[in-house]
Amino acid sequence: MMLQACSPQVAALTRGSLKRSQQPRFRASISQASTLARQRACLSRTWLPTGGLTQADQEDGHSKLVRAGYLRQSHPGVFHMLPLGLRVQEKLEKLIDKHMLSVGASKVALSSLSSQALWERTKRLDAYGPELFRLTDRKDTPLLLAPTHEEEITTLVSKLVTSYKNLPLRLYQIGRKYRDELRPRQGVLRSREFVMKDLYTFDASVEAALESYEKVRAAYSRLFDELKIPYVVAEASSGDIGGDLSHEYHLPSSMGEDMVISCNSCSYVANEELAVAKPPSQEQSAGKARVWRGVSKDRTFLLNVWYPNLPGLSESDINTHAIKSVVPELDSSMADSIAFWTQDSTPQSASSKKVLKLINVIDRRMSPSITEAIKGGSHPQMFPAGSNLTVGSLKNEVVSRNEGGQPINALRIRDGDDCAHCESGKLKAEKAVELGHTFHLGTRYSKPLGANVQMRENVMAPLQMGCHGIGVSRIIGAVANHLADEKGLNWPRAIAPFEVVVIPGRGVEDEDANQIYDRLVDAQQQIDVVLDDRAESFPWKMKDADTVGHPVIVLLGRKWLSDRMCEVQCRRLKVKEDVAFDALPVYINNLLSQL
């Protein structure tokens, strides 16, 4: 696409259509106009592959991002960021930079390649399993594309920091990460290549590490407040990252894959992995048991989860997080494991991966009579129809309590369950997208990697660490989906590609549009404006502005030609107002302050 100048005088000079006698008279003004034209943001000088894609009836945020020209898929789960998408990403990164600076963090850039040997030392290489992109160099050195950088940053710091006097240390990066997702979906919400911010904190004591943790949590809250999106902070499990203190930052959304549980009476909020409800008072009779079947990752044991046959319950109500807390070897990714129960599973040696054991997990609602029948192997539902297995051929194990000695709740928390943290509260379960996560790691990585510092007592002690992530590309997808409507995207001011678009109508001179632009970008106003000077029709550009999702649209139409009035539109605030030229900056800034 040929680049168009934003000034007719500059364009005329370029074409050579100005007479030689006219050129000296306009030399100064042309020079000034040329400088302004180069500085003005014009859509004619930006590659925007919009149009050509039909809007679907039930279009999600990702489809709107594609149709509006923000990104395109390269391979399944891998995306190219186009100019508009990159502007959103860069604005989000600058916002993150500001809040990381507030906690005294320094920015680094770590390599995407990591050593498999490092991951073996922290025992995470096998834990991540097939999600790791593994490769070797020409010398057959085992490498991987890093999904996270705890091992690398800990090794780096251990070589450069040797004394408590160099602490606290806070380092962060914003870069590409990689996970070989089995089923990448929902665009940048669940992809194989993604952009993340990782902050790593290093302290000399547990007390100092927890102080760092709280400072980061406060910075995260300020960041999400500035985005002006609804979010909830939930107690969370540390999972494969490790540590014993963790919080997640969620955006409630029907597109979410996580479940967040909150109480309508007290401040209790937790993700589904940690959430607990008040135990029910009633027991179920022996004849009303249901069973969910599972299998271990290495296929050496089968799993029965026993739960009550209550109205409305189905297998989708099984809380696999609770099951994995007592049986961590469970393969929770398998939708149907019955085939492993009905095939020839005669017990053999462990190396043959044949079934050796049957584990029965008992929900806390089940009656003692059912539990006894399961322990004795006499319950009629021990094995599914078609299985040739018997209790006598397997080791029969029963689990009814978790590591803390509490009865197991095998069912997902449902709306209306009683809160375990207050007297009258009822719990609410809602889907959410995880945007950020904070972890207090302690010595999870510093001990195995030998990251020690000399203390005041001249003794060496392992570093106390924290890890704090924000999903940059995930925020883009989640916010796009959350704020979109039937007309298109609708960005918050903080990360909009442009805050205001100026669209001149037919008959409006270029100088008038430039005058509006220059008025809005006055140094005192700090408004990010773009001028739609493309050779398209006025209605087409208005519809495109809605599709792209500019927070504020300034239209120069008939009332500008007659009364010098601009029409200002803000879809999110349901504003459509005629505003005089002199009042325009203050009026628009007032709108933007609410977005």
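- The protein chain appears in an unreviewed UniProt entry as proline--tRNA ligase from Apiospora marii.
- Looking at the Catalytic activity (unreviewed entry) heading of the UniProt record, one finds this comment for the protein chain: "tRNA(Pro) + L-proline + ATP = L-prolyl-tRNA(Pro) + AMP + diphosphate".
- Its UniProt record, at the heading Sequence similarities (unreviewed entry), says of the protein chain: "Belongs to the class-II aminoacyl-tRNA synthetase family."

Details of the pairing of strand β17 (residues 427–442)
- When you tally the buried positions in β17, you get 13 out of 16 residues, the bulk of the element.
- Two strands pair when backbone bridges link them, and strand β10 (residues 245–252) and β17 are joined in this way by 8 bridges, in the antiparallel orientation. Bridge assignment links tyrosine 249 to a residue of β17, and that residue is glycine 436.
- Where strand β11 (residues 258–263) lies against β17, 6 bridges are found, and the strand directions are antiparallel.

Some remarks on the sheet that holds strand β22 (residues 529–531)
- The strand order across the open sheet built from 5 strands is β22-β21-β23-β24-β25, with neighbouring strands paired in mixed fashion. A strand with exactly one partner marks an edge of an open sheet, and here the two such strands are β22 and β25 (575–580). The mean angle between the axes of side-by-side strands here comes to 25°, regardless of whether they run parallel or antiparallel.
- Two strands pair when backbone bridges link them, and strand β21 (residues 500–504) and β22 are joined in this way by 3 bridges, in the parallel orientation. Of the residues in β22, the one forming a bridge with valine 500 is valine 529.

Some points on unusual backbone geometry
- Along the chain, leucine 167 connects to proline 168 via a cis peptide bond; the corresponding omega equals 5°.
- Here proline 168 shows up in the loop between α7 (150–160) and β7 (169–178).
- Residues other than glycine seldom take positive phi values, yet lysine 123 does so here, at roughly 60°.
- With respect to the helices and strands, lysine 123 occurs in the loop between α5 (116–121) and α6 (125–128).
- With a phi close to 60°, asparagine 458 is a non-glycine residue in the positive phi region.
- Assignment of secondary structure puts asparagine 458 in the loop between β18 (452–454) and β19 (460–462).
- Given the relative accessible area of 59%, asparagine 458 is considered exposed.

Quick look at the nonpolar core
- Of all hydrophobic cores here, the largest spans 54 residues; its most connected members are Tyr70, Phe224 and Trp491.
- Top contributing element to this core by residue count: helix α12 (residues 472–483), with 7 residues.
- Formed by 26 residues, the second largest nonpolar core is a distinct cluster that contains Cys42, Ala513, Ile527 and Val552.

Some words on α12
- Between its first and last C-alpha atoms α12 spans 17 Å; for 12 residues at 1.5 Å apiece the expected length is 16 Å, and the two agree.
- Here α12 has its buried residues at Val472, Ser473, Arg474, Ile475, Ile476, Gly477, Ala478, Val479, Ala480, Asn481 and Leu483.

Some thoughts on the sheet that holds strand β16 (residues 395–399)
- A sheet is described by the order of its strands in space; here 4 strands give the open sequence β13-β14-β15-β16, paired in mixed fashion. This sheet does not close on itself; its edge strands, each paired only once, are β13 (289–295) and β16. Recorded for the sheet is a direction-independent mean angle of 20° between the axes of neighbouring strands.
- Taken together, the 6 bridges between strand β14 (residues 301–308) and strand β15 (residues 357–362) define a ladder with parallel strand orientation.

A word on the pairing of β13
- Within β13, 6 of the 7 residues are buried, leaving the element largely enclosed by the surrounding structure.
- In this sheet, β14 lies alongside β13 in antiparallel orientation, the contact comprising 7 bridges. Bridging across to β14, glycine 294 finds its partner in leucine 303.
- Between β13 and the antiparallel strand that follows it, β14, lie 5 residues; arginine 299 among them carries a positive phi value of about 65°.

Conventions we followed
- Residues numbered from 1 in each chain as written.
- Predicted model: local features only at pLDDT ≥ 70, side-chain atom pairs only at ≥ 80, totals over all residues.
- Heavy atoms only, no water.
- UniProt positions renumbered as here; feature names shortened; annotations may be inferred.
- Buried < 20%, exposed > 50% of the residue type's maximum accessible area, 1.4 Å probe, protein only.
- Helix = DSSP H or I, 4+ residues; strand = E, 2+ residues; numbered from the N terminus.
- Pairing = 2+ DSSP bridges.
- Axes fitted to C-alpha atoms, helices over the stretch in contact; angles between N-to-C directions.
- Core = buried A, V, L, I, M, F, W, Y, C linked by side-chain atoms within 4.5 Å.
- Expected span 1.5 Å × (residues − 1).

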